[in-house]
Amino acid sequence: MAALAIAGVGAAVARRTRFFVPLAAAVTLSALAPAHAEPQRRASEFWLDNGMQVVVVPDHRSPVVTHVVWYRVGGADNAPGQSGVAHFLEHLMFRSTKKLKSGELERIVSRLGGRDNAVTSHDATYYFQRLPSEHLKTAMVMEADRMRNLNLVEAEVATERDVVLQERRSVVDSKPLAILDELINANLYLNHPYRIPVLGWEHEMRKLNRASAIAFYKRYYAPNNAILVVAGDVTPDAVKKLAQDIYGPIKRQPGALREARPSEPPQRGVRRIELKDPRVSNLALQRYYMTPSYKSAEGNEAEALDTLSIILGDGPTSRLYRQMVEEKNIAANAGASFSAVALDGGTLTLYAVAGDGVKQEGLEQALDASIAQFVKDGPTEEELEQAKNAMIASYVYSADNQAGLAQRYGSNLVIGRSIADIEEWPNKVAEVTAADVKKVAAKYLVLSSSVTGYLIPQRGGDDAPSDTQPAEARR
Amino acid sequence: MRGRLRAAAFSIALLLVWLLAREGARAAEIQEVRSPGGIAAWLVEERSLPIIAIRFAFEGGGAQEAMGKEGTAGLLAAMLDQGAGDLSGPEYLRQIEKLSVRLAFDSDRDTFFGNFETLTKNLGRATELLRLAITKPLLAPALIERTRAQLMARAGFEAGDNNKLANAQWMAQSFAGHTYARAISGTPETLKVITRDDLEDYRRRIMARAGLRVAAVGDIDATTLGKVLDEVFGALPADPQLIPVPDVQPKAVPKPTVVAVEGPQSVAIFGRRGIERSDPDYFPALVLSQLLGGGSSDARLVREVREKRGLTYWIYTLLYNFKHASMLIGGFASPNKDVATSLDLVRAEFKALAEQGPTQEEVDAAKSYLIGSFVLSLDSNAKIAEQMLRAQLQGLGPDFVKVRKAQLAKVMRADVARVARSLLSIEDLSVAVAGEPVNLDR
């Protein structure tokens, strides 16, 4: 399929270029959710005496294990003025501890035939190793060590700050779509810190230092604020014994749990953003609607919104594609996605790439017409059944990927959902009705709680002088 | 945003896919299947999930596109699931969705790939849909136009992507005059002139039984797979009609070339002649590439450019092999003012390794990673199918996992040092930069 995904620029930030697992893709992953519909649970869980939650997801097909520690803290928990500190700390966690030299954890994992990485999102930070299952203990010992024993050296901190600045340039400043994503989020949330990029704003990143990272670390990195997820060729009993021995001795920290974040006031105005960029050659539109998340939603609203996004915009049989691309021939491509494995709110994204000669107004009018019709009539029974069918089938396919399996559990548990919530997802999807979808469409596809962003090609001699720079993109 | 990451991740993925080895638990279970009609495939039965994954490849790829029609293979790949047999485009896609079949086609420079997954319960009907896509695609003119517009829009988006631009420039300068110099996914200009006849001609030339390789993993036995193979591929002609592609080596271009792109960073791609997969020194070279610019933070380039100096977020090297050319290639993104410094660091590490060789510890660590981590590349149906297909394309046997492990285990420090002397000479290291680099000697 020649699908051009211009949507889905994520909020998550990976430390390395290998193993990029954007949490925004956890949207899709959650859509891929759980194990079979039978009541028997696939995953099991228990708590250590120090408050650390442990979840085991058996997958015995291959002698491999995925070991992940999730912290219930992320980019939306940074102190004001210290944007980027959660992600900066994530990088520093690969530097020196009292026992390990800078980079040693990675070296050891690599020597054992493993790979490791870490990811920060607005709501969570996680560290993982994938390695032959006989080396699980080694991974645990090192992960437990850096939970409390980080020993940052000033020079390493300064160098790593340069690395995260390079990261920002690579993954945001070099990508017009990523710049637009930052601008849309900053305008979508009026008060909630989801408005601030996980990577941080550059001028604040430049001031990040050892003290701010350490303060964040000491407060939040504690067993009672962490979830251990082990997926792979292991038994719950064996993991329990190892976890008790290795993570068990770490002391519980009072005050490790984050505060509630500032919440959103009513949204009252339509917002439009225009980003002109000489690197862009096609006019494109991206609209984010504010929605509940899988955590904050009432009833089955999140499942209904997920279903809605599939019907509206998943591939060439979807509503938006059929209407905007096939029937009206006004867009070269169009689609939707739903990102809602998050604590305080989700995002429904619509996108469209303009066809030849199509202007902003024409593109947006066509989109609005499709949305208005959908809000008025809701989905057809056929559309609904097909979407649910696809969502439920995708969980079967997704069980093929062990790392994805571990990610699905961790990303949901870390926002306070339960194993039951995760594993009953296919059943809840199956129960979504056309009326449910119609209801959430009317409730959340509301222009005044959305931001529409345009990516506009800027050519010399065009409507703007060629020396006009997108200020956000430049240092 | 993801584009860059994916590009770099892609390089790493290639490395893992092609180069690692360990005797995975399941590699021993590869069955060589031959259908009643004589079509060969490798099969791993995996009954724990009700899924069947089949990956297949035809010899061909971008190298078989007509001159000036670059992007033909990509356009065909995007068209094959848009209507076939009696089923119009929308109807075909509806059936695919109804059955929850996953079907995608893709092309690289030498090969045209198909990727098919189905739930076991839908195998019969899914097989029929696959057969139609391969043998009777409609290639409806209106849908060609629409798909062309999408590919052109994508090409437009990529026109400002300095990673893509630097890679394309490196290929263009290194393989000038050879088919490998051409733009792999086409440009707006070449996409514009591809006709339906071009697609049909291309399809008829490459889709043949002799150039076909198949790997299957999942909830299926050899007999059933044999029937599927005959149904899907049985009616194809025996032999493809391929344009001969000459072997070639990348040219050394003495000074860095620059593609001007606005932005705070430049991407530099550097590379030179590599080593053939069949060369006895291939595995020492693999170890060399790993310790030079593999994924780990103790790889020399990662250590010097990222960990010590913070001049980049990503940097890598890998052995990159086409059917008719071999390369050692690498890349990084640095601020415009620091590109020259980063390049000097790269050259210095090439030189140091060529002159002094690696340490024993470096060789041990790289070998240990390459051998040990192969099992991670075999832990899902989809990955096993991918590995088996790649192995067949490289002409390896079904014992490839075992052989690879043994070959890697044999590599000595002296072997790596010898290979470093010939492979890391900086005189023929060519560089292409996309961005606005400052103080670059060019």
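Thresholds applied
Residues numbered from 1 in each chain as written. Chains lettered and ligands numbered in written order. Predicted model: local features only at pLDDT ≥ 70, side-chain atom pairs only at ≥ 80, totals over all residues. Heavy atoms only, no water. Helix = DSSP H or I, 4+ residues; strand = E, 2+ residues; numbered from the N terminus. Rg over C-alpha atoms; globule rule 2.2 N^0.38 Å. Buried < 20%, exposed > 50% of the residue type's maximum accessible area, 1.4 Å probe, protein only. Contact = heavy atoms within 4.5 Å. Areas by Shrake-Rupley, 256 points an atom, 1.4 Å probe, with all protein chains shown as cover. Pairing = 2+ DSSP bridges. Core = buried A, V, L, I, M, F, W, Y, C linked by side-chain atoms within 4.5 Å. Axes fitted to C-alpha atoms, helices over the stretch in contact; angles between N-to-C directions. Salt bridge = Lys/Arg side-chain N within 4 Å of Asp/Glu carboxyl O. Phe/Tyr/Trp six-rings, centres within 6.5 Å; stacked < 30°, edge-to-face > 60°. Lys NZ or Arg CZ within 6 Å of the ring centre and 35° of its normal. Polar contact = N/O pair within 3.5 Å; in protein donor to acceptor, adjacent residues only side chain to side chain. Parallel < 35°, antiparallel > 145°, perpendicular 65-115°, else oblique. Left-handed = near helix turned anticlockwise from the far one by under 90°. Nonpolar A, V, L, I, M, F, W, Y, C, P; charged D, E, K, R; others polar. pLDDT = per-residue confidence, 0-100.

Trainee: Help me out: how do you make sense of the overall build of chain B in this one?
Mentor: For chain B, the count of helices and strands is 16 helices and 11 strands. The C-alpha atoms of chain B give 22 Å as radius of gyration, which agrees with the globular expectation for 442 residues (22 Å, within 12%). In terms of its C-alpha atoms, chain B occupies a principal-axis envelope of roughly 60 × 50 × 35 Å. Here chain B holds 442 residues, and 63% of them are scored as buried. When contacts within chain B are restricted to residue pairs at least 6 apart in sequence, those whose partners lie at least 24 apart make up 83%. Of the accessible surface of chain B, which amounts to about 15,800 Å², a share of 52% is contributed by carbon and sulfur atoms.

Trainee: Teacher, can you tell me more about the environment of Gly 74 of chain A here?
Mentor: Residues and elements named next belong to chain A. Residue position: Gly 74 is located in the loop between strand S4 (64–71) and helix H2 (85–92). Owing to a relative accessible area of 0%, Gly 74 belongs among the buried residues under this scheme. In this structure, Gly 74 is in contact with Ala 86, Ser 121, His 122, Asp 123, Ala 124, Thr 125, Phe 216 and Arg 258, ignoring residues within four places of it in sequence.

Trainee: Help me understand the environment of Val 64 of chain A in this model?
Mentor: All names here are of chain A. Here Val 64 is to be found in strand S4. Residue Val 64 is classed as buried on the basis of its relative accessible area, which comes to 0%. Between the C-alpha atoms of Val 64 and His 91, which are 27 residues apart in sequence, the distance is 25 Å.

Trainee: Would you mind showing me how to read the side chain of Thr 125 of chain A here?
Mentor: Along the chain, the position of Thr 125 of chain A falls in strand S6 (residues 125–132). Apart from residues no more than four positions distant in its own chain, Thr 125 of chain A is found in contact with Val 69, Trp 70, Tyr 71, Val 73, Gly 74, Glu 90, Val 119, Thr 120 and Tyr 221 of chain A.

Trainee: In this structure, what is going on with the pairing of strand S9 (residues 284–291) of chain A? I would like to understand it.
Mentor: Looking down a regular strand, the side chains alternate between one sheet face and the other. All names here are of chain A. When you tally the buried positions in S9, you get eight out of eight residues, the bulk of the element. In S9, alternate side chains face the same way, and those of Ala 284, Gln 286, Tyr 288 and Met 290 on one face and Leu 285, Arg 287, Tyr 289 and Thr 291 on the other are all buried. Two strands pair when backbone bridges link them, and S9 and strand S11 (residues 346–354) are joined in this way by eight bridges, in the antiparallel orientation. Following the sheet pairing, Tyr 289 is matched in S11 by Leu 348. The sheet contact formed by S9 and strand S12 (residues 450–457) spans six bridges and is antiparallel. Across the sheet, residue Ala 284 finds its bridge partner in S12, namely Leu 455.

Trainee: Before we go on, may I ask you to explain the nonpolar core in this structure?
Mentor: One broad trend across soluble globular proteins is that nonpolar side chains are buried collectively. Of all hydrophobic cores here, the largest spans 116 residues; its most connected members are Leu 308, Leu 312, Leu 320, Met 324 and Leu 445 of chain A. In contact with Leu 308 of chain A, not counting residues within four places along its chain, are Leu 348, Phe 374, Val 437, Val 440, Ala 441 and Leu 445 of chain A. Counting 52 residues, the second-largest nonpolar core is a separate cluster that includes Phe 56, Ile 96, Phe 112 and Leu 191 of chain B.

Trainee: Sorry if this is basic, but what is going on with the sheet that holds strand S10 (residues 326–335) of chain B here?
Mentor: Two modes of strand pairing occur in sheets, parallel and antiparallel, and in both the strands are linked by backbone hydrogen bonds. Residue and element names in this part refer to chain B. Spatially, five strands are ordered S7-S11-S8-S10-S9 in an open sheet, and the strand pairing comes out mixed. A single partner strand is all that each edge strand has here, and the edge strands are strand S7 (257–260) and strand S9 (315–321). The average undirected angle you get between the axes of adjacent strands in this sheet is 20 degrees. Examined bridge by bridge, S9 and S10 share seven bridges and lie antiparallel to one another. By the bridge assignment for S10, Leu 319 is matched with Leu 328. Together, S9 and S10 form the strand contacts of helix H10 (residues 282–293), whose direction differs from that of S9 by roughly 160 degrees.

Trainee: Looking at this structure, I do not really get the pattern of salt bridges. What am I missing?
Mentor: Any two side chains of opposite charge can pair, given that their charged atoms come close. Inspection of every chain in the model, using the stated rule, returns 57 salt bridges over all chains. The partner of Arg 306 of chain B in a salt bridge is Glu 160 of chain A, with the nearest N and O atoms 3.7 Å apart. One end of the pair, Arg 306 of chain B, is in helix H11 (residues 300–307); the other, Glu 160 of chain A, is in helix H5 (residues 154–173), on a second chain. Of the two residues, Arg 306 of chain B and Glu 160 of chain A, both sit in the buried class. A salt bridge links Arg 418 of chain B to Asp 415 of chain B; its shortest N-O distance comes to 3.3 Å. Of this pair, Arg 418 of chain B and Asp 415 of chain B both sit in helix H16 (residues 413–423), three residues apart, which is roughly one turn of the helix. For Arg 418 of chain B, a relative accessible area of 36% translates into the label partly exposed. What you see here is one network of salt bridges that share partners, running through Asp 77, Asp 123, Arg 258, Arg 261 and Asp 344 of chain A.

Trainee: Explain the sheet that holds strand S6 (residues 212–218) of chain B here, please?
Mentor: One open sheet accounts for six strands, arranged S1-S2-S6-S3-S5-S4 (chain B); its pairing is mixed. Each of the sheet's edge strands pairs with one partner strand only, and the pair in question is strand S1 (31–34) and strand S4 (102–107) of chain B. If you compare each strand with its neighbour and ignore which way they point, the axes differ by 20 degrees on average. Pairing analysis gives seven bridges linking strand S3 (residues 51–59) of chain B to S6 of chain B, with the strands arranged antiparallel. Bridging across to S6 of chain B, Ala 57 of chain B finds its partner in Arg 213 of chain B. Contacts from helix H13 (residues 381–398) of chain A reach S3, S4 and strand S5 (111–119) of chain B, with the element oriented near 110 degrees to S5 of chain B.

Trainee: For this particular structure, what's the right way to read the packing of aromatic side chains?
Mentor: Each pair of aromatic rings is reported with the distance of its centres and the angle of its planes. Counting across every chain of the model gives 25 aromatic pairs over all chains. Look at Tyr 71 of chain A and Tyr 127 of chain A: their rings are 6.0 Å apart centre to centre, the planes differ by 80 degrees, and that puts the pair in the edge-to-face class. One end of the pair, Tyr 71 of chain A, is in strand S4; the other, Tyr 127 of chain A, is in strand S6, and 56 residues separate them in sequence. Here the two residues Tyr 71 of chain A and Tyr 127 of chain A agree in accessibility, since each one is buried. Judged by centre distance (6.2 Å) and plane angle (70 degrees), the ring pair of Tyr 127 of chain A and Tyr 221 of chain A falls under edge-to-face. Of this pair, Tyr 127 of chain A sits in strand S6 while Tyr 221 of chain A is found in the loop between helix H8 (210–220) and strand S7 (226–232), placing the two residues 94 residues apart along the sequence. Take Tyr 127 of chain A and Tyr 221 of chain A: they sit in the same class, and that class is buried. Grouping aromatic residues by their ring pairs yields a cluster made of Phe 56, Phe 58, Phe 105, Phe 112, Tyr 202 and Phe 233 of chain B. Above the face of the Phe 94 of chain A ring, Arg 146 of chain A is positioned so that its terminal group lies 4.7 Å from the ring centre. The ring of Phe 46 of chain A carries Lys 240 of chain A above its face, with NZ or CZ at 5.0 Å from the centroid.

Trainee: Which parts of the structure should I look at to understand the environment of Tyr 454 of chain A?
Mentor: Residues and elements named next belong to chain A. On the secondary structure map, Tyr 454 appears in strand S12. Separated by 127 residues in the primary sequence, Tyr 454 and Glu 327 place their C-alpha atoms 23 Å from one another. Aside from chain neighbours lying at most four places away, what touches Tyr 454 is Leu 180, Arg 272, Ile 273, Glu 274, Leu 275, Leu 283, Ala 284, Leu 285, Gln 360 and Glu 364. A distance of 3.4 Å separates a polar atom in the side chain of Tyr 454 from the backbone oxygen of Gln 360.

Trainee: Would you explain the packing of helix H2 (residues 72–79) of chain B against helix H5 (residues 141–158) of chain B in this entry?
Mentor: When two helices pack together, their arrangement is captured by the angle between the axes and the distance separating the axes. All names here are of chain B. Viewed as axis vectors pointing N to C, H2 and H5 meet at an angle of 120 degrees, and their least axial separation amounts to 10 Å. Classified by the interaxial angle, the pair formed by H2 and H5 is oblique. At the point where H2 passes H5, the crossing takes the right-handed sense. Facing H2, whose interface residues are Gly 74, Leu 75, Ala 78 and Met 79, H5 presents Leu 143, Ile 144, Thr 147, Arg 148 and Leu 151. Here the contact of H2 with H5 is composed, by residue class, of six nonpolar, two polar and one charged.

Trainee: Looking at this structure, how should I read the confidence of the model for chain B?
Mentor: Low-pLDDT portions of the prediction should not be read for the details of their coordinates. All names here are of chain B. Chain-level pLDDT for chain B is 91 on average; 94% of the residues reach the 70-or-more range. This stretch, residues 1–28, has a pLDDT under 50; its non-local contacts, to residues over four places away or in other chains, come to 97 contacts. Among the scores for the predicted complex, ipTM is 0.88 and pTM is 0.90.

Trainee: What should I look at first to understand the pairing of strand S2 (residues 44–47) of chain A in this one?
Mentor: Residue and element names in this part refer to chain A. Where S2 lies against strand S3 (residues 53–58), four bridges are found, and the strand directions are antiparallel. Across the sheet, the residue bridging to Glu 45 is Val 55, located in S3. Taking the residues between adjacent antiparallel strands as the criterion, S2 and S3 are bridged by five residues, where Gly 51 takes a positive phi near 95 degrees.

Trainee: I would appreciate a short explanation of unusual backbone geometry in the present structure.
Mentor: Residue and element names in this part refer to chain B. Notably, Leu 139 is not glycine yet its phi reads approximately 50 degrees, a positive angle. Assignment of secondary structure puts Leu 139 in the loop between helix H4 (123–135) and H5. Notably, Asn 439 is not glycine yet its phi reads approximately 60 degrees, a positive angle. Counting through the fold element by element, Asn 439 comes out in the segment after strand S11 (430–435).

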